[in-house]
Amino acid sequence: MRSLRPPGRLGLAVSGGADSMGLLALARDVIADEVEVATVDHGLRAEAADECALVASHCDAIGIPCRILPVRVSEGNLQDRARAARYAALGRWAREQGLAAIATGHHADDQAETVIMRLNRGSGLAGLAGIRPSTLIEGCCVPVIRPLLGFGKAELLDFVNRRSIPFVEDPSNRDSAYDRVRIRRELAQVDWLDPLALARSAAHLAEVDSDLQALADREWDREAEVAATRITVPVGELNDTTARLIARAIATLGGSARHGEVIGFLKTDVSKGNIAGVLIERVGKTWICVPEPPRKSR
């Protein structure tokens, strides 16, 4: 559990499920004096307040500081909005408490579900790398780590049961309206598929993606010409490298483009385009990127 040792105090995001309660127990065993807990009440279910109270009560019993964070979920895609509100609240809490990172209870079964869901959507390398062991999430001002990706759900459930640790089952985990829940049900019926093996494959893909990003970053440092409103990047030997350079240029100019979106553009073999409000044009062995000019009002 070395991944539970960030350079500073660690915040735990504990929902009350068996996975996050297992994370809490493991963290208490390893770094009890260096952790604090937050549990988020999204206000979407009447039971949520009781679930947060269960987490707070258990933390009090084992001597771990706990904060209940009420959030308001805005309209739109419910899961996406709830996730954004949750991590924004966790980030604010972590900053107030001076915490170095936030740990969540994502495990190998979560990773397997994510990989299969993204395979079904035709995701590229970055998507198939699944849930990252450590990442930065938009709206959250500290890193998020997932130290339990090497543990299976059944293993964590057995762990909390053997210790008689209380936990709750989120009813949304049984709602077949969500893709993840349908995939979870199918996986439960396939005894030859090993979630831990899928999680290892995702980790291998994450390493490859990281290596490719490092190559692109090195090319950026050597060749990119960056000005306030114009960025020039080289045409790389690989479409992957070029796409990463263009995506970084777009981000630097205030836009946001997915890697796959840029790859798709490059495969059209056209020399000009507009991605995320940034005009890109190939000139010789470079791509020139500039912000789209403001539209003239009538």
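Reading the values: the criteria
Residues numbered from 1 in each chain as written. Predicted model: local features only at pLDDT ≥ 70, side-chain atom pairs only at ≥ 80, totals over all residues. Heavy atoms only, no water. Pairing = 2+ DSSP bridges. Helix = DSSP H or I, 4+ residues; strand = E, 2+ residues; numbered from the N terminus. Right-handed = clockwise from strand over helix to strand, strands pointing away. Disulfide = S-S within 2.5 Å. Contact = heavy atoms within 4.5 Å. Axes fitted to C-alpha atoms, helices over the stretch in contact; angles between N-to-C directions.

1. Observations regarding the pairing of strand S3 (residues 66-70)
When strand S2 (residues 35-41) meets S3, the two strands line up parallel, connected through five bridges. The residue of S3 that forms the bridge with Asp41 is Pro70. Tracing the backbone out of S2, into helix H2 (residues 48-62) and back to the parallel element S3 gives a crossover that is right-handed.

2. Thoughts on the state of the cysteines
Overall, the coordinates contain zero disulfides when judged by the stated rule. Of the cysteine sulfurs around Cys140, a residue in no disulfide, the closest is that of Cys141, at 5.8 Å.

3. Focus: the sheet that holds strand S10 (residues 278-283)
Spatially, five strands are ordered S7-S8-S11-S10-S9 in an open sheet, and the strand pairing comes out antiparallel. If you trace the sheet from one side to the other, it starts and ends with strand S7 (225-226) and strand S9 (272-275), each paired once. For S7 and strand S8 (residues 231-234), the ladder comprises two bridges, and the chain directions are antiparallel. Note on S8: the bridge partner recorded for Val226 is Ile231. Running over the sheet, helix H9 (residues 239-252) touches S7, S8, S9, S10 and strand S11 (286-291) and is turned about 170° from S8. On the sheet, helix H10 (residues 259-267) packs against S9, S10 and S11 and is oriented at approximately 165° with respect to S9.

4. Things to note about the sheet that holds S3
With mixed pairing, six strands are arranged side by side in an open sheet as S3-S2-S1-S4-S6-S5. Both outer strands of the open sheet, S3 and strand S5 (134-135), are each paired with one neighbouring strand and no more. Pairing analysis gives three bridges linking strand S1 (residues 10-13) to strand S4 (residues 101-103), with the strands arranged parallel. Bridging across to S4, Gly11 finds its partner in Ile102. Along the sheet face, helix H1 (residues 18-31) touches S1, S2 and S4 and points at about 160° away from the line of S1.

Don't take any of this as a statement about function, it's just geometry.
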